[in-house]
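Overview (structure and organization)
Here is what each chain is made of, one letter per residue.
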Amino acid sequence: MPQSLPVNIEPMRVSYGTDIQLIYPHVFGMRDQGIERFINQNIVDETQQLINIQVTEMPTTLVEMDGSFETKNNQRDVLSLSLYNYAYHYQAAHGMTYIKSLTFDLENKSRCSLSDLFKQGSNYVDRISELINEQIQERDIGTFEVRLKFSRIRTFTLLIKH
């Protein structure tokens, strides 16, 4: 079986003045142009979704936005990326960072979801939620209000908010 090469990734930059600077990944040079387009479209869509969340989240004017990414895995037919978006709004106490992760199975030409990593019918949501709750207790991580306490992960998306 021929060994697959890592995916070529280059940073793409978008800026609006000095206060809005976005860097997102762009894959190129893949043998299969269809999967290359699929990956790049997913990246652009998710990057735009992060921007939209940040812009509509607060009623005040956006002062600063920084977008970046990290390559988490790029080997053995798996490409995994994390997209970061930080924004600060006028008179806000602090900025907000959102993180969206994307994982692609290059062999099957598909985007992976959390459920793809577990056997069908397994109780992975409850088990992961249980592990997270144990870590919250062990590390004594507090929340501002009782109603904000972590209960369980959501299966449709795992959007991390800092």
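Everything that follows concerns the structure shown earlier in this document.
Here is a short report on the structure shown in this document. Computed from a prediction, not measured in an experiment: that's the story for all the values here.

**As for the overall build of the protein chain**
If you tally the helices and strands in the protein chain, you get 2 helices and 7 strands. In the protein chain, the order of α-helices and β-strands from amino to carboxyl end is β-β-α-β-β-β-β-α-β. Looking at the protein chain as a whole, 28% of its 162 residues qualify as buried. Residue pairs in contact within the protein chain that sit at least 24 positions apart in sequence constitute 49% of those at least 6 positions apart. On the protein chain, roughly 11,300 Å² of surface is accessible, and the fraction owed to carbon and sulfur atoms is 52%.

**A few points about the packing of aromatic side chains**
Under the definition given, this model contains 2 aromatic pairs. Residues Phe118 and Tyr124 carry aromatic rings whose centres are separated by 4.7 Å and whose planes lie at 5° to one another, so their mutual orientation is stacked.

**Describing empty space enclosed by the protein**
Considering all chains together, one arrives at 1 cavity of 30 Å³ or more under this definition. For the largest cavity, the calculated volume is near 60 Å³. Lining of the largest cavity is provided by Leu22, Ile23, Tyr24, Thr47, Leu50, Gly67, Ser68, Leu83, Tyr84 and Asn85. Residue assignment for the lining of the largest cavity shows that the elements contributing at least two residues are β2 (20–28), α1 (33–57), β3 (62–75) and β4 (78–89). Here the lining of the largest cavity is composed, by residue class, of 6 nonpolar, 4 polar and no charged.

Procedures and definitions
Position numbers for residues count from 1 along each chain, tracking the sequence in the order it is written. Side-chain atom pairs in this predicted model are given and counted only at pLDDT of 80 or more, local residue features only at pLDDT of at least 70, and totals for whole chains, interfaces and linings cover all residues. Side-chain measures were taken over the full set of non-hydrogen atoms in the model, leaving aside hydrogen atoms and water. The helix count covers DSSP runs of H or I at least four residues long, the strand count covers runs of E at least two residues long, and both are numbered beginning at the N terminus. Exposed residues in this analysis have more than 50% of their type's maximum accessible area, buried residues have under 20%, and partly exposed residues fall in between, with area computed by a 1.4 Å probe over protein chains only. We call two residues contacting when some pair of their heavy atoms lies within 4.5 Å. Residue exposure ignores everything except the shown protein chains as possible cover, and the areas themselves are Shrake-Rupley values with a 1.4 Å probe. Under the pairing criterion, centres of Phe, Tyr and Trp rings, with the six-membered ring standing for Trp, must be within 6.5 Å; the plane angle then separates stacked pairs below 30 degrees from edge-to-face pairs above 60, leaving the rest tilted. The way it works is a 1 Å grid over only the protein atoms, where trapped points that fit a 1.4 Å probe form a cavity and open points with protein on both sides within 12 Å along at least five of seven lines form a pocket, and then any residue with an atom within 4 Å of a point lines it. Grid points are joined across faces, edges and corners, and a volume is the space filled by probe spheres set on the points. When residues are sorted by character, Ala, Val, Leu, Ile, Met, Phe, Trp, Tyr, Cys and Pro go into the nonpolar class, Asp, Glu, Lys and Arg into the charged class, and all the rest, Gly among them, into the polar class.

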